[in-house]
Amino acid sequence: MFADPQIEARGMVTHWQHPFKNNLPLVASPLRLSATPVRTPGQGGLPPPLLGEHTDEVLRGVLNYSDAKLAELKSSQAI
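Residues numbered from 1 in each chain as written. Predicted model: local features only at pLDDT ≥ 70, side-chain atom pairs only at ≥ 80, totals over all residues. Heavy atoms only, no water.

**Student:** Help me out: how do you make sense of the overall build of the chain in this one?
**Tutor:** Helix and strand counts for the chain come out as three helices and two strands. For a compact globule of 79 residues, the expected C-alpha radius of gyration is about 12 Å, and the chain comes in at 18 Å, more than 25% above that figure. Projecting the C-alpha coordinates of the chain onto the three principal axes gives extents of approximately 50 × 30 × 20 Å. Entry remark: accessible area of the chain is about 6,200 Å², with carbon and sulfur atoms responsible for 58%. (Helix = DSSP H or I, 4+ residues; strand = E, 2+ residues; numbered from the N terminus. Rg over C-alpha atoms; globule rule 2.2 N^0.38 Å. Areas by Shrake-Rupley, 256 points an atom, 1.4 Å probe, with all protein chains shown as cover.)

Listed below in structure tokens is the structure:
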């Protein structure tokens, strides 16, 4: 996919720092919006998260789960 002529012509390959691979190449979003540009490395963008990286934040922030509930889910291997 990185060698696709359209990907190359539009400059859609971005390189990210990631815990598993430095300089990780990814294909950027094809959307080009002037008022809301896609974030890239160096423009506040973040690389893809690791599996489960934000689980606690989401369960606490969105579902208002307590530490006890998170501990219960972890001990039962639900998360």
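**Student:** So what exactly am I meant to see when it comes to the side chain of Thr 14 here?
**Tutor:** Along the chain, Thr 14 falls in strand 1 (residues 13–16). Overall, the relative accessible area of 11% leaves Thr 14 in the buried class. Within the local environment of Thr 14, its side chain forms a polar contact with the side chain of Trp 16, the two groups lying 2.7 Å apart. Setting aside residues up to four positions removed in sequence, Thr 14 forms contacts with Leu 24, Pro 25, Leu 26, Ala 28, Thr 40 and Pro 41. (Buried < 20%, exposed > 50% of the residue type's maximum accessible area, 1.4 Å probe, protein only. Polar contact = N/O pair within 3.5 Å; in protein donor to acceptor, adjacent residues only side chain to side chain. Contact = heavy atoms within 4.5 Å.)

**Student:** Would you mind going over the packing of aromatic side chains with me for this structure?
**Tutor:** Where two aromatic rings form a pair, the distance of their centres and the angle of their planes describe that pair. Under the definition given, this model contains zero aromatic pairs. The ring of Tyr 65 has Lys 69 lying over it, and the distance from NZ or CZ to the ring centre is 5.8 Å. (Phe/Tyr/Trp six-rings, centres within 6.5 Å; stacked < 30°, edge-to-face > 60°. Lys NZ or Arg CZ within 6 Å of the ring centre and 35° of its normal.)

**Student:** When you look at unusual backbone geometry in this model, what are you seeing that I'm missing?
**Tutor:** Trans is the common state for peptide bonds, and a negative phi is the common state for residues other than glycine. Residues other than glycine seldom take positive phi values, yet Asn 23 does so here, at roughly 60 degrees. Structurally, the position occupied by Asn 23 is in the loop between strand 1 and strand 2 (24–27). According to the relative accessible area criterion, Asn 23 is partly exposed, its value standing at 43%. Of note in the backbone geometry, Asn 64 takes a positive phi value of approximately 60 degrees without being a glycine. By the element assignment, Asn 64 lies in the loop between helix 2 (55–61) and helix 3 (67–75). Taking relative accessible area as the criterion, Asn 64 reaches 66% and is therefore assigned exposed.

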